[in-house]
Amino acid sequence: MIATMDEDRRPFRGNEIFSLTGKRVWVAGHRGMVGSALVRRLREEACDLLTVTRQTVDLRRQAEVESWMRASRPDVVLIAAATVGGIHANRSRPAEFIYDNLAIALNIVHTACEIGVKKLLFLGSSCIYPKYCAQPMTEDRLLSGPLEPTNQWYAIAKLAGLMMGKAYRAQHGMDCIAALPTNLYGPYDNFDLQQGHVIAALLRKLHEAKLKGDGAVEIWGTGRPKREFLHVDDLVDALVRLVTHYSGDEPVNIGSGQEVSIAELADLASRVVGYRGRLAYNTSMPDGSPRKLLDVTRMTELGWQPRIPLFEGLQHAYACYRKRLPPNAETDIAAELHWRGADLSEA
Ligand code: GDP
């Protein structure tokens, strides 16, 4: 069938509309899990990569962001910087989650517009959808109901960032796009047991329990919530595809399209680690959202598919975790217990 004019203008099509070749591309937050994966992925593109450490530029300070961006002149800005964490971190550090994430969005989006950045990618998350959203969640359901209380501070900041992109597109014609990734995992995840997300926490807990010969491992909540997980290497493939193939007002969900219960995840992770003890559910810890499955029709129409199945992804994440342990940690349990995953994985 011959495409009509209208079909040619649909934003979710698989044609390249923006080339990275020769562009100066700034990955903000290049030391985090998403940022470091983006840097690895962008090495395959013929672009000039820009990065800056938080010692040089604190992204929460407008003056520092502005002077660095004016001097560095990025053509493309990918905002992977964020203050992130698991369910407990969100609950216990609400001020940091709202302040840091608002400030990062405000400072970078505004300066990017002032210096004429050609393309800006902002990252939201599946946790900014309403708590009781119809599943799978389509992008038009954003702001359609109350948020999940445990992560409302983070969600409000990310929703504000998303709206900034829309506002700057509307008023200044700036090419801001936004992606909404599902729950992520992979290399350089935060393995701190209090601050991290469920996959990193479970891999570490199970590994330590195996070494110590513990008979049980604590799993937070009831095990009944369902989550959709995506390996970060799949995410960054999608992000590069989005930057090069999409321009528009509407955010785009990025997920695997498959969900598992936390209990199923804990069983899979036990198999990956080789832990044979009991899983003990601590129902005094929160469950959070009952489900957060994304509708990935838009991203699929842009010609992207995830490639890493959950079991393989968990094996990879576990291998990366073990590789980053200090020498002798496998035999020296005391050293292992002093190891702070968070210190190694800070954004
Ligand atoms: P969420 O998707 O924002 O809720 O983020 P998390 O990855 O922190 O938690 C996902 C689910 O895993 C929640 O239902 C948690 O209660 C559950 N969970 C079970 N054990 C753990 C754990 O050790 N750490 C974390 N972070 N979550 C856990």
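Residues numbered from 1 in each chain as written. Predicted model: local features only at pLDDT ≥ 70, side-chain atom pairs only at ≥ 80, totals over all residues.

A. Summary view of the nonpolar core. By size, the foremost hydrophobic cluster in this structure holds 93 residues, and its most contacted members are Leu 78 and Ile 79. Taken domain by domain, the makeup of this core includes at least three residues from each of domain 1 (5–185 + 229–254) and domain 2 (198–227 + 260–289 + 311–345). With near-sequence residues (within four places) excluded, Ile 79 lies in contact with Ala 28, Ile 104, Ile 108, Leu 121, Phe 122 and Leu 123. (Core = buried A, V, L, I, M, F, W, Y, C linked by C-beta atoms within 7 Å. Buried ≥ 20, exposed ≤ 12 C-beta atoms within 10 Å, placed from the backbone. Domains from an automatic or database assignment. Contact = placed C-beta atoms within 7 Å.)

B. Looking closely at the sheet that holds strand β10 (residues 259–261). Read across the open sheet, the three strands follow the order β6-β8-β10; overall the sheet is mixed. Each having just a single partner strand, β6 (183–185) and β10 make up the two edges of the open sheet. If you compare each strand with its neighbour and ignore which way they point, the axes differ by 50° on average. Alignment of β6 against strand β8 (residues 226–231), held across three bridges, turns out to be parallel. When the bridges of β8 are listed, Leu 184 appears paired with Leu 230. (Pairing = 2+ DSSP bridges. Helix = DSSP H or I, 4+ residues; strand = E, 2+ residues; numbered from the N terminus. Axes fitted to C-alpha atoms, helices over the stretch in contact; angles between N-to-C directions.)

C. Highlighting the site of the ligand. Neighbouring the ligand are 20 residues, the closest being Gly 86, His 197, Val 198, Gly 221 and Gly 288. Sorting the residues of the shell around the ligand by element identifies α7 (198–212) and β7 (216–220) as the ones contributing at least two each. With three residues, α7 is the largest single contributor of residues to the shell around the ligand. Residue-level mapping places the shell around the ligand at the junction of two domains, with at least three residues from each of domain 1 (5–185 + 229–254) and domain 2 (198–227 + 260–289 + 311–345). (Near = placed C-beta within 6 Å.)

D. Representation of the pairing of strand β4 (residues 119–123) in the model. Most of β4 sits out of view: five of its five residues are buried. Here β4 shows a buried face lined by Lys 119, Leu 121 and Leu 123 and a second buried face lined by Leu 120 and Phe 122. Relative to β4, strand β3 (residues 76–79) runs parallel, the two being bridged by four bridges. Residue pairing across strands places Val 77 opposite Leu 120, the latter belonging to β4. As paired strands, β4 and strand β5 (residues 176–181) are joined by four bridges and run parallel to one another. Following the sheet pairing, Leu 120 is matched in β5 by Cys 176. Each parallel crossover has a hand, and the one from β4 via helix α6 (residues 152–172) to β5 is right-handed. (Right-handed = clockwise from strand over helix to strand, strands pointing away.)

E. Summary view of the environment of His 172. Tracing the chain through its elements places His 172 in helix α6. A tally of 12 C-beta atoms within 10 Å means that His 172 is categorised as exposed. Spatially, the C-alpha atom of His 172 lies 48 Å from that of Ala 263, the residues being 91 residues apart in sequence.

So yeah, pure geometry; function would need other evidence.
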